[in-house]
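# Structural characterization, general
Here's the letter readout for the chains.
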Amino acid sequence: MALVVALTWSGATWAADTAQTPSLASRVTHYAANYTVNPDGSHREDRAWSMAVLKPEMVAGASRTSVSYDRQLQKVTVTEAYTRKADGRRLKVPKAGFKDAPDTTSGLQDLSIVFPDVAVGDTVVLAYRVTTSKPLFAGQFSINESFPKTDAYDDVRIKIDVPASMWSQDQARGFREVKRAEKAGRKVVEWAWDNPQPLKSAPPKLSGHELEEEAGVLFSTFRNQGDLAKAYGVPAQAKAIVTPKVRQLAEQITQDVKQAPREVAKALYDWVTLNIGNTGPCLRLGSVVPHDVDAILDKRTGDCKDHATLLQALLKAKGIASTQALINAGTAYSLPKVPVASLVNQVINHIPSLDLYLDTTADSVPFGMLPFADEGKPVLLADGHKDGLKTPVSPVGFNQQVMKTEVIVQADGSASGTVDVALRGLFAVNARMRLRQLTQVQSADMVKTFFESGGQKGSGSMVKDNARALRDTYGYRTQFKVDQWVKLPGPGSFTITPMFYSESPVADYVAAASQVVDEAVETACSSGHSIEEYRYQLPANMRIDQLPKDVKLDSDKLSYSATYQFKEQVLTVKRVFDDRTVGNVCTPAHAQAYKDFAAQAVPDSTVQVVFK
């Protein structure tokens, strides 16, 4: 968490066969990371690496790297930085090649390094030391060093030197242990790894257990996940106090609601979600203790732990007990046996009496729901930790979209109509987030751009639900006009397809037919129900010559149906895709079954209506 080294490694192409060696664009010829830890958890980190440039497309990426660090608590010293030319010459990075500036995204300092005159056949070399004066958690130390198996490494070494008095545990994935010794009050462990023939990379996907897919080393002085939760929780919970300002605000927020605990909690959640801005990066070096609640209220902004602490204090002011919880907000749906602080990067709230998890940093998510990234994740409770807890996932059938399209086609082939979209669950959350800031002018531009992307000239407007009303439903209505939707007089054809953006179109489900399934990788997944209804009012000079046939497909977790009717110049179509997948992690077998099922729906989803 304290240090990020930005390196661009390989330019390997995607392939379904992961057993073959790709044509490499670069190769890491040496990589070493040595940690020397003090009794209080502060430490020194020495890193050195060299990377050979093998192809022209890697020259630009290899010419630049960066080291991110905390300016207040860390010091970076570069000991070597040069380009080793193919003929053996060393070109040192000049003073102008170093630039130290704040990174507004992470809140850290960024030391960028530009290597001189890099060409194919050269090697870039960097060695530096990072001295950390204050640990993430007092008296504790933990790291997760991970390396993708899709990159070429000739020699990787990880070494950790800690006081013998510090209890520790470790786990290696793919690495071999080359040293474990205790001498003169110090304990040293060293591992080595190489990957001269890397795997070919696969198309990017959300993996449920991506940590296990990489080689690496975990090292920690935490005995268990509960100790990690406690290290955060003790100082954090102490900040969740009911000040006079907090008590007054809690009474003000809830004065017009029923005093049932759930209604009170909802009112407080809504207020924090809509009124406290999210400053972004949450748990990092020098920032693991929340700010004072009054300071958060004065600034009206805070990171995830500030949000969680303020909501906990407001709940406490109304007599509702709650605690904070650590989770991973990335794509890790399991935590390793060895507790590592960097693998829990989000703080949310838990109300035991209501059996609810809440995340106020997600300003489009209604009370009672969680963002998709928070669902199905291991939970480390700051107070009352229990192993095996996980955040809930969306129930099957909860995420729904109903899109109704009315199209009136004129005799000259132009068309006008409306698209009504009604959403629920995560689909409503996502659409609210995407559309909430759109002005009327921007909405009109969005309609215009939609038709332009299909080679047509169109215009229109949009009416949206109130985006500040945090409900599990959301909807919008679009009116449109298209100059020439079809060419008349015929003959011709058109495809049944959405006439405007929607969050979860049937086509997205059917697109699984073209996905690449990795038999060794679990993927993130969820359920969804999508209905599309179309009504086309056709002119008298447009006669349907070929009407698609009805379709009905069913499997254990999936179903697809389509019906077509034509009467008195009105064509009505209804398509339904029902995905009853239980999320949020699916097996490769499920992904393959999904792909096979979707392939059966492809012919109908792309069928054309033929007219004269």
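See the structure printed just above.
Report follows, based on the coordinates.

## A closer look at the overall build of the protein
Tallying secondary structure elements over the protein gives ten helices and 34 strands in all. Taken across its 612 residues, the protein has 50% of its residues classed as buried. For the protein, the accessible surface area stands at approximately 27,600 Å², while carbon and sulfur atoms represent 50% of it. Across the protein, the centroid of the 70 positively charged side chains sits 3 Å from that of the 68 negatively charged ones.

## As for the packing of helix α3 (residues 244-254) against helix α4 (residues 261-275)
Running from amino to carboxyl end, α3 crosses α4 at an angle of 110 degrees, the nearest separation of the two axes being 9 Å. The angle between α3 and α4 falls in the class roughly perpendicular. Packed against α3, whose contacting residues are L249, A250, I253 and T254, the element α4 presents V264, A267, L268 and W271 at the interface. Here the residues of the contact of α3 with α4 are counted per class, giving seven nonpolar, one polar and no charged.

## Thoughts on the environment of M58
As for its position among the elements, M58 is in the loop between β3 (43-53) and α1 (59-62). Placed 108 residues apart in sequence, M58 and M166 show a C-alpha to C-alpha distance of 43 Å.

## Focus: unusual backbone geometry
In the segment running from L488 into P489, the intervening peptide bond is cis, with an omega of 0 degrees. Residue N584 is bonded to the preceding G583 through a cis peptide linkage, with omega at 10 degrees. Take N584: it is sitting in strand β33 (residues 584-586). The phi dihedral of R300 is positive, around 60 degrees, even though this residue is not glycine. Relative to the helices and strands, R300 is located in the loop between α5 (293-299) and β17 (301-302). Of note, Q569 is a non-glycine position whose phi angle comes to about 65 degrees, a positive value.

## Concerning the pairing of strand β14 (residues 186-195)
Here β14 lies mainly inside the structure; eight of its ten residues are buried. Bridge count between strand β11 (residues 153-163) and β14: nine bridges; the pairing is antiparallel. Its bridge partner being in β14, V156 is matched across the sheet by W193. What sits between the antiparallel neighbours strand β13 (residues 176-183) and β14 is a turn of two residues, in which A184 has the positive phi angle 55 degrees.

Cut-off values and rules
- Residues numbered from 1 in each chain as written.
- Predicted model: local features only at pLDDT ≥ 70, side-chain atom pairs only at ≥ 80, totals over all residues.
- Heavy atoms only, no water.
- Helix = DSSP H or I, 4+ residues; strand = E, 2+ residues; numbered from the N terminus.
- Buried < 20%, exposed > 50% of the residue type's maximum accessible area, 1.4 Å probe, protein only.
- Areas by Shrake-Rupley, 256 points an atom, 1.4 Å probe, with all protein chains shown as cover.
- Lys, Arg positive; Asp, Glu negative; His and termini not counted.
- Charge placed at Lys NZ, Arg CZ, Asp CG, Glu CD.
- Axes fitted to C-alpha atoms, helices over the stretch in contact; angles between N-to-C directions.
- Parallel < 35°, antiparallel > 145°, perpendicular 65-115°, else oblique.
- Contact = heavy atoms within 4.5 Å.
- Nonpolar A, V, L, I, M, F, W, Y, C, P; charged D, E, K, R; others polar.
- Pairing = 2+ DSSP bridges.

Nothing here speaks to function; it is all geometry.
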